[in-house]
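One-letter residues, chain by chain:
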Protein chains: 2
Amino acid sequence: MTQVTISRLSQLFVRTLRDNPADAEVASHKLLVRAGYIRRTAPGIYTWLPLGLKVLGKVENVVREEMNAIGAQEVHFPALLPREPYEATNRWDEYGDNLFRLKDRRGADMLLAPTHEEMFTLLVKDLYSSYKDLPVYLYQIQTKYRDEARPRAGLLRGREFVMKDSYSFTMDDEGLEEAYFAHRKAYQKIFERLGLEIVIVKAQSGAMGGSRSEEFLHPTPIGEDTFVRTEGGYAANVEAVTTVVPEPVDASNTPAATFEATPDSPTIETLVSQSNALHPRSDREWTAADTLKNVILAVIAPDGERHLVAIGVPGDREVDLGRVEVNVGALLGIGGEVEVEAANDEDFKKFPQLVKGYIGPGSSLDNKILGKESATGIPFFLDPRLVEGSAWITGANEFEKHAYNMVVGRDFEGDGVIEACEVREGDPAPDGSGPLIAARGIEMGHIFQLGRKYAEALELKVLDNNGKLQTVTMGSYGVGVTRALAAIAEKNHDEKGLIWPRNIAPYDVHIVATGKGNEVLDGAAELAEKLSAAGLDVLFDDRPKVSPGVKFGDAELLGVPTSVVVGRGFADGKIEIKDRASGEAREISLENAVEEILAEVR
Amino acid sequence: MTQVTISRLSQLFVRTLRDNPADAEVASHKLLVRAGYIRRTAPGIYTWLPLGLKVLGKVENVVREEMNAIGAQEVHFPALLPREPYEATNRWDEYGDNLFRLKDRRGADMLLAPTHEEMFTLLVKDLYSSYKDLPVYLYQIQTKYRDEARPRAGLLRGREFVMKDSYSFTMDDEGLEEAYFAHRKAYQKIFERLGLEIVIVKAQSGAMGGSRSEEFLHPTPIGEDTFVRTEGGYAANVEAVTTVVPEPVDASNTPAATFEATPDSPTIETLVSQSNALHPRSDREWTAADTLKNVILAVIAPDGERHLVAIGVPGDREVDLGRVEVNVGALLGIGGEVEVEAANDEDFKKFPQLVKGYIGPGSSLDNKILGKESATGIPFFLDPRLVEGSAWITGANEFEKHAYNMVVGRDFEGDGVIEACEVREGDPAPDGSGPLIAARGIEMGHIFQLGRKYAEALELKVLDNNGKLQTVTMGSYGVGVTRALAAIAEKNHDEKGLIWPRNIAPYDVHIVATGKGNEVLDGAAELAEKLSAAGLDVLFDDRPKVSPGVKFGDAELLGVPTSVVVGRGFADGKIEIKDRASGEAREISLENAVEEILAEVR
């Protein structure tokens, strides 16, 4: 983008606002709107005003430079695409409501692309045919569309946004590994240059498919993603944490299961204390962790179909629907992103065997109500803590009745194991690096080892060095460009406004002319010219009838890192230079102002 | 965009093709695909490969620089927009099938913007409130969508394309005039820098509304637009040509109208000769220009409704449906773009008074079949040549019968005057600058004086210097950026490939290493480094196993203006420098190669 070297505030298309926009929850959203960088056009859809567009261009260029540095080549795909390629990989359906779909005048189905795996695969198929052509890394910085259910936080979760997406095409897993780590390193550099701390966490691949995947999370209290880390260096998305599984238990001495009346014990707590009083365990006291809570959930597939599942977890833990959403699809053989919610009354009506509040794998009459070969046929997935031989107190599918000493593998079996429980601070990390610490973050980037999923679906094969056709191995890598900008704003602000890092700021220096008389204004204009000639991008507040107070306030709101006040001291050859971040100001002489300012700014 | 200073062809993501794409009709389309600049993704939708993206960036920058030079400020709007603003101006409906419409997950109507008048109007309304804020010129270089009925000629008429659109906001017509001419001059500079000859023609505003409007046409035989010019400097879109109207005729001596049998005269020609034989005129012979041909047309409004109209034109002229389409909407009070087609049998069934082949304003029984207060009620619009008092031979709505001496204003009247006739070479220009010459062109830009249409519809008012609210005056201005690129390719090519102008070329110089041995390759690589260090963008054909013939062919196809061959003479310190346009080659010494090449390239 060509730089405009001096912008005069009297003419710049910007209006600062005193009040926060009504729909803004987070500081970056409030300030970017108030300072005139962006305007809301529709939910999750924003317009870039001149200041915002300048900053966006700078963020894009950081990303572009680091992608070019690893030899990735820039291309540009359309946003409006035909249905067929996305049909071939099932993503037309799997994306569910998140996909903007439309028809053209001839009735052909089209979509606004949320990401371009299919198109890049087809493009490489179209152009390349030999192992000699690989590896190739391609990327684009392009406008993406996702019809988010809850667009929020301004640019942080929008429906139209700029993303850098890249794709690697290699002959084998080794090549993929190399491409993956090249991108991983490039991303570390990008976020370092953008001044955004990043934690790289293990992630589930979700709708993208593929094997290994990591997220680049920027830790911030306003983040939507919860992740966990340890002091020993482990970090993972909560969805990707695996439970440290206890050893199997020898159940040979565990008494046979019994069905007991448990009146007036509607909560886990009352159940446990009643159990210890009336049905004591021989070796130790019952605890909440000995109770088995069975939850009936509805899994809504991308095609809208509703599948009921039962999930059994220790009574001292809650089910984490987010973890269930990520993990249950594969167990049910459903592709794409599913939604999970509690089963409703209508769901329960279909299964009179299940008694709410007392749901369990069996009853005194029929011990196969949930689980393998059960009467209900509802798939029953167990938390990994329900190891073979462990004994549980659980519902007996009768009002105010529970089963005792129900042993996994002896008295009931699940249809599979699921990571469904909430992850808690203090839980052990799966890699043994210590107890988990919880944190929140924003997903700034995501890297995927796709493997051959897309190449197989779209038949991307090239000749190997023996002249045989071989399916290409792929990776895909994304950076949220608009989101990065918002995160930078979020991190760099105070109550007065934005505080841009120098390499992202819309201008290098903000000259504020105060005081009356043309001399000051002319002097400020002359300084602006000199600084611009020295290669700086200058914002010049030349507004004639605006008070110094308003000008200073605007300078703080707009957030240019250095401002220069040309005012009262001007007659004596003095001007003031002010650092936005520290608030520190000092007087310098007009004579060597250009050198002083250059030294400050560079 | 950051420049990659050396691209090695062995790694560049490009594949040249020997065969023309099956769907390509024009040279630019064939060559841009064959040379690996673009790939088709869907009808009228293209992907930019690395070479194409570089060229596109250069074209964009020329446009950006000239817009910045007139003080226009760059912003960036979303492509995906809510329906409401376009509803307020009627364009939601008026765009008809050309608009891509969709619904979001909540069922809200949205569109992919074909142009952004509404959004810019609302943005200025949002930010500005006083005459002191004006004038302001805003622009964006942005992806636009139009669901063209017939996308064609590659990038020349696409459905997703890049456009520069700008909008001026001024207090009055004088300000608009200034903004309009600033854009007009900027556009002249842009096309001059792009090396595209331009004829500025008067145009109809069509769906945009507003008063004055001019098109920037690039004359080329493959253009879709027909325009006319004179040697005296007149130029207009065919739709915008106005007829030189003859003087009214004194009809006091014209005989009364008569209805005559005209057997066996099915054509205008036979009718004229029979008329001269059987019903001669006293003063001179009848000619085809004395016959009145009445055509029944169906006008299809954007909402799909079908309106019948009758159009009366001299028998020596054909009706030009394009001219009717542009002009008939206003006469019928239909907003937006209409389609016009010949009436069909079903249309005719509704009006048994009309006898095909013999249609006229009246019959011997009823002289009000078409025109004011007529029985059919079909609006009857007359060509401007049907002046008051002129006498005509026309159909009598009976088989093989015609009416003679039907005088306009005496025997019949139309419901309005329409520019409906074909414009012919040799017709007089309306400004008296001589006979019209026909030509074809591509619309490269369009400038509109919108006036207050959009500002009124969306209530954009600011306080004037008396503190009174005043509606803002607007202009809108567009340049087809992708189309400009295609036009440049179309103009600059030969049978071997593309020939880019230097300021648009993807690289400054294309080094071709031929001959065997690492020395040549190393020498070429060293030269590439030196040229790159000197600031040139270098494409380096380092492909090891490709024959010189193929390399030369690719260099010609890719079209970099200067190529340098490092080959046979290298051992003797000689290389060859070749001009793509002229084909001329000369040997230079390796020693001062950098200076020689710089001199050639700059």
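Only a predicted model underlies this, so the values are computations on that prediction, with no experimental measurement involved.

Caption draft 1: Summary view of the overall build of chain A. Helix and strand counts for chain A come out as 14 helices and 32 strands. Projected onto its principal axes, the C-alpha coordinates of chain A cover approximately 100 × 65 × 50 Å. Taken across its 602 residues, chain A has 57% of its residues classed as buried. Contacts spanning at least 24 positions in sequence make up 69% of the contacts within chain A whose residues lie at least 6 apart. When the accessible surface of chain A is split by element, carbon and sulfur atoms take 47% of a total near 24800 Å². Where the 67 positive side-chain charges of chain A centre and where its 95 negative ones centre are 5 Å apart.

Caption draft 2: The arrangement of helix 14 (residues 593–601) of chain A in detail. All names here are of chain A. For helix 14, the set of buried residues is A593, V594, I597, L598 and V601. For helix 14, the angular spread of the buried residues around the axis is 125°, confining them to a single face. As for helix 14, its buried residues are in contact with strand 28 (509–513), helix 12 (518–533), strand 30 (562–566), strand 31 (574–579) and strand 32 (585–589).

Caption draft 3: Representation of the packing of helix 2 (residues 50–69) of chain A against helix 11 (residues 481–491) of chain A in the model. Residue and element names in this part refer to chain A. Relative orientation of the contacting elements helix 2 and helix 11 amounts to 110°, with a least axis distance of 10 Å. Put simply, helix 2 runs roughly perpendicular to helix 11. Remark: the crossing between helix 2 and helix 11 carries right-handed chirality. Contact with helix 2, carried on its side by G52, V55, L56, V59 and E60, involves V481, T482, A484, L485 and I488 of helix 11 and no other residues of that element. The class makeup of the residues in the contact of helix 2 with helix 11 is seven nonpolar, two polar and one charged.

Caption draft 4: Representation of the interface of chain B and chain A in the model. The interface of chain B with chain A comprises 57 residues on the first partner and 58 residues on the second. Contact between chain B and chain A buries roughly 5100 Å² in total, counting both sides, with carbon and sulfur atoms accounting for 59%. Together, F13(B), R105(B) and L127(B) form the three largest contributors to the area buried by chain B at its contact with chain A, with a combined 16%. Residues D97(A) and R105(B) are paired through a salt bridge, measuring 4.0 Å at the closest nitrogen-oxygen approach. Connecting chain B to chain A are 24 residue pairs in polar contact (both at pLDDT 80 or more). A per-element tally of the side of chain B that touches chain A places helix 2 (residues 50–69) of chain B first, with six residues. Considering only residue class, the side of chain B that touches chain A consists of 32 nonpolar, nine polar and 16 charged.

Caption draft 5: Up close: the domain arrangement of chain A. Under the domain assignment used here, chain A contains domain 1 (53–77 + 114–241 + 438–490), domain 2 (258–417) and domain 3 (507–601). For domain 1 of chain A versus domain 3 of chain A, the separation of C-alpha centres amounts to 41 Å.

Caption draft 6: Inspection of the packing of aromatic side chains at higher detail. A full pass over the atoms with the stated rule returns 26 aromatic pairs over all chains. Seen from their ring centres, Y187(A) and F191(A) are 6.4 Å apart, and the 85° between their planes marks the pair as edge-to-face. Here Y187(A) pairs with F191(A), and both are found in helix 6 (residues 173–193), just four residues apart, close to one helical turn. F191(A) matches Y187(A) in its accessibility class, with the two residues each being buried. Relative to F216(B), the ring of F191(B) lies with its centre 6.0 Å away and its plane at 35°, an arrangement referred to as tilted. Residue F191(B) is located in helix 6 (residues 173–193), and its partner F216(B) is located in strand 11 (residues 213–219); the two are separated by 25 residues in the primary sequence. Each member of the pair, F191(B) as well as F216(B), carries the same accessibility label: buried.

Caption draft 7: How the structure looks around the relation of the copies chain B and chain A. Superposition of chain B onto chain A requires a rotation of 180° combined with a translation of 0.0 Å along the rotation axis, giving an RMSD of 0.2 Å. Considering both components of the superposition, the chain copies are consistent with a two-fold axis. When C-alpha positions in chain B are compared against the rotation axis, the closest is assigned to L102(B), at 2.6 Å. Comparing interface residues between copies, 100% of those in chain B also lie at the interface in chain A; the contact surface is shared.

What counts, and at which threshold
- Residues numbered from 1 in each chain as written.
- Chains lettered and ligands numbered in written order.
- Predicted model: local features only at pLDDT ≥ 70, side-chain atom pairs only at ≥ 80, totals over all residues.
- Heavy atoms only, no water.
- Helix = DSSP H or I, 4+ residues; strand = E, 2+ residues; numbered from the N terminus.
- Buried < 20%, exposed > 50% of the residue type's maximum accessible area, 1.4 Å probe, protein only.
- Contact = heavy atoms within 4.5 Å.
- Areas by Shrake-Rupley, 256 points an atom, 1.4 Å probe, with all protein chains shown as cover.
- Lys, Arg positive; Asp, Glu negative; His and termini not counted.
- Charge placed at Lys NZ, Arg CZ, Asp CG, Glu CD.
- Arc of directions from axis to C-beta.
- Axes fitted to C-alpha atoms, helices over the stretch in contact; angles between N-to-C directions.
- Parallel < 35°, antiparallel > 145°, perpendicular 65-115°, else oblique.
- Left-handed = near helix turned anticlockwise from the far one by under 90°.
- Nonpolar A, V, L, I, M, F, W, Y, C, P; charged D, E, K, R; others polar.
- Buried area = accessible area lost by both parts, 1.4 Å probe.
- Salt bridge = Lys/Arg side-chain N within 4 Å of Asp/Glu carboxyl O.
- Polar contact = N/O pair within 3.5 Å; in protein donor to acceptor, adjacent residues only side chain to side chain.
- Domains from an automatic or database assignment.
- Phe/Tyr/Trp six-rings, centres within 6.5 Å; stacked < 30°, edge-to-face > 60°.
- Least-squares fit on C-alpha atoms with pLDDT ≥ 70 in both.

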